[in-house]
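Observations on the three-dimensional arrangement
The residues making up each chain are set out below.
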Amino acid sequence: MSPESLAKLYLFGSVGFLVVTIQLGVPPHIATLLLIATGVSGLAYLAYQPSFRKSKLTPEQKAILVDFDFYKTLTQIERLEFERRVSYLTENKEFMGRQDLVITDRMRVLVAATIAQIGFGFEFITFEDFDKIIIFPKAYYSKHTGHYHKGEVTSSGVIVLSWADFLEGFNISDDGYNVGLHEIAHALRLEDAIPGDEYHFLKEADLDAWNRIAEREYDNIRAGKPSFIRSYAGTNRQEFFAVCIEQFFEQPQGFYDALPELYKAMARLMKQDPLKRKRKYF
Ligand SMILES: [Zn+2]
C-alpha cells in the first residue's frame, strides 16, 4: 500500500473510529490516545517504505544524474521522487564488477537511474527479486550460448551488463538502441511474473490490450515485412517487448508516428508517456 493510500485510510478510519467509540460510550480521551498510537505506528511504518525515504545521494552522485536524459525531462517534484528511488537502488543492489572492472559511482547511479526510469509510472518497483547487478567491461563470452553477450537477465535474480555497450546506449540516446533499457525491460516482465510483494503490477487489461496489438506487429516482423520496430524483436515475444521499450523511450515520436496504437498501448501499460514529457520540457 502506498503512503498516500495509507494516509487516506488513516484519516477516514479515524473519523469512523471516533464516531463508533463515542456511541459505544468509550471516554473521548482514551479514544484519542488510541488514535495517536495508531498514527505514530503508521508513521513508523511509512519511514521504512522505500519511496518514503529521503534521498541519500551525494552531490557527486547527483551531478551524475544531471547527465541522465530522462531526469532532465522531469518536473522538480518528480526529480525528488526520482532521486529517492535512485538513492534506494544504489544502496540496496549489490553491484559486482567482472574481469577486474572496478565498480564506480557513475555505474551505480546510471544503472539505478535506468531501473528507476522504466518503473517511474508505477509506485516504486524496487525489482526486489533482482538484487545483484554484474557488470563486465565489454561484451562477454557466454559458455552457455557460445556467443558474446551485451547483457542478460537470469531468473535467479541477476542483471548482467557490458559496460561498454551500456554506455553506448546511454551516450546515443535517440537511435533506439539501449542495452540497459533492454535488459531491465526483461527484468520488469520477470518481476511482474514472480509472486511476491512486487507482483502483477502490470494491469491485466492493459497487458491484454498490449498483447493483442503487439501480436500484429510481431507477425509482420516475423514475416520479414518492414517495421519501425527493429527486426531483432522478431526473435520471440520477450525480445519484442524489450526492443519496444528501447524504442519507446529513445524514439517516442517516430514510434508514435509509425505505430500509434502500439505506442499508446505501451504508454498505458507502463503508465508513462515519454512523448508528452519531451513535448513539454524540451
Ligand atoms: Zn533481450
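Source: prediction; values computed, not measured. (Residues numbered from 1 in each chain as written. Predicted model: local features only at pLDDT ≥ 70, side-chain atom pairs only at ≥ 80, totals over all residues.)

**Remarks on the domain arrangement of the protein**
By domain assignment, the protein separates into domain 1 (3–48), domain 2 (56–200) and domain 3 (202–282). Each of domain 1 and domain 2 has a C-alpha centre, and the two are 40 Å apart. (Domains from an automatic or database assignment.)

**Things to note about the pairing of strand 6 (residues 158–162)**
Strand 6 sits mainly inside the fold: four of its five residues count as buried. Here strand 2 (residues 132–136) runs beside strand 6; their pairing, made up of five bridges, is parallel. Directly across from I134, in strand 6, lies its bridge partner V160. Between the antiparallel neighbours strand 5 (residues 151–154) and strand 6 lie three residues, among them G157 with a positive phi of about 95°. (Buried ≥ 20, exposed ≤ 12 C-beta atoms within 10 Å, placed from the backbone. Helix = DSSP H or I, 4+ residues; strand = E, 2+ residues; numbered from the N terminus. Pairing = 2+ DSSP bridges.)

**What to know about helix 12 (residues 260–270)**
Three- or four-residue spacings in an α-helix give side chains the same orientation, since the helix completes a turn every 3.6 residues. All of the buried residues along helix 12 are L262, Y263, A265, M266, A267, L269 and M270. Buried residues belonging to helix 12 abut helix 9 (204–222), helix 10 (237–250) and helix 11 (252–258). Downstream of helix 12 by one or two residues, K271 has phi in the positive range, about 55°. (Contact = placed C-beta atoms within 7 Å.)

**With respect to helix 6 (residues 105–118)**
Across its 14 residues, helix 6 extends 20 Å between first and last C-alpha, which sits within 8% of the 20 Å expected from 1.5 Å per residue. Most of helix 6 sits out of view: twelve of its 14 residues are buried. (Expected span 1.5 Å × (residues − 1).)

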